[in-house]
Amino acid sequence: MKDNYDIRYRGWKRVKGNFKTSFLLTLVIFLFTYIIFGSNGLHNGGIMVDVFSNQGIRTLVSTGIFSGLMKEVIVGVFGLGTVWGFINWSREQATPTTPVKDSLRFWYGDTVVDTIVLLGMRYLFTILWSLLFLIPGVIKSISYSQATYIYADDVKNGVKITSMNEYITRSRELMRGHKMQYFTLNLSFIGWWLLIVLTFGLAAIWVYPYYSATMAEFYMELRRESLYGGRSRGRRG
């Protein structure tokens, strides 16, 4: 498994190499977050949907379970389409020709209901764990973080979808031994989210694509390791 330096570097390189396409992949969620939540939402309720805000730990306290669930689902569907766009881009080594449309992939067709159910289940499971103590909630939110990407992989491969709970379980298994790395990877973006605050949201034009591309690279590394085993942690390899 590559270390976080390499994963962030690959995300950075992807965005730097083609910023226009990278930004267009995140354009819809950028506009949605800004319009609905304002400039504060760009760092507190936008694309960072995995560790704290989007899993409802803070949202539960500030806005309640129902509104937190709605935010989890809506932002989560946008976020999935965005990150999945970067995953396909990296795998196929072909620049997306319709990046905005690609980012809306999970808002139409048969996938929208499944995606909403999966996001809702993930949110509620995390809430239940968070009712015990904060730390178990954080750990579980990290364990469940890859569920939507695993689902998207199955959709692309034509796998018959039988249970949404299966993806929660598979995400836990995929994240076994990698939860701390994922936590520190997200933690490394705190400075970037602060920059968004200091620039009144302007920096999100770069941070959103960078974060999304990095999350895509992390998932692909997890999949590679699960299929082929561990590999060297060499820099920029």
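Just above, that's the structure.
All of the points below concern the structure found in this document. (Residues numbered from 1 in each chain as written. Predicted model: local features only at pLDDT ≥ 70, side-chain atom pairs only at ≥ 80, totals over all residues. Heavy atoms only, no water.)

Glancing now at unusual backbone geometry. Not every positive phi belongs to a glycine, and Gln93 is a case in point at roughly 50°. Relative to the elements of secondary structure, Gln93 occurs in the loop between helix H4 (65–92) and helix H5 (99–103). Overall, the relative accessible area of 63% leaves Gln93 in the exposed class. Backbone geometry places Phe200, a non-glycine residue, at a positive phi of 55°. Note on placement: Phe200 falls in the loop between helix H11 (190–198) and helix H12 (204–228). (Helix = DSSP H or I, 4+ residues; strand = E, 2+ residues; numbered from the N terminus. Buried < 20%, exposed > 50% of the residue type's maximum accessible area, 1.4 Å probe, protein only.)

Below, the discussion takes up the packing of helix H6 (residues 111–130) against helix H8 (residues 147–156). Think of two packed helices as two axes; the pair is described by the angle between the axes and how far apart they sit. Across the interface, H6 lies against H8 with an axial gap of 10 Å and an inter-helix angle of 155°. The orientation of H6 with respect to H8, classified from their angle, is roughly antiparallel. In terms of crossing hand, the pair formed by H6 and H8 is right-handed. In contact with Thr111, Asp114, Thr115, Leu118, Leu119 and Arg122 of H6, H8 contributes Ala147, Thr148, Tyr151 and Val155. Looking at the contact of H6 with H8 residue by residue, the classes come out as five nonpolar, three polar and two charged. (Axes fitted to C-alpha atoms, helices over the stretch in contact; angles between N-to-C directions. Parallel < 35°, antiparallel > 145°, perpendicular 65-115°, else oblique. Left-handed = near helix turned anticlockwise from the far one by under 90°. Contact = heavy atoms within 4.5 Å. Nonpolar A, V, L, I, M, F, W, Y, C, P; charged D, E, K, R; others polar.)

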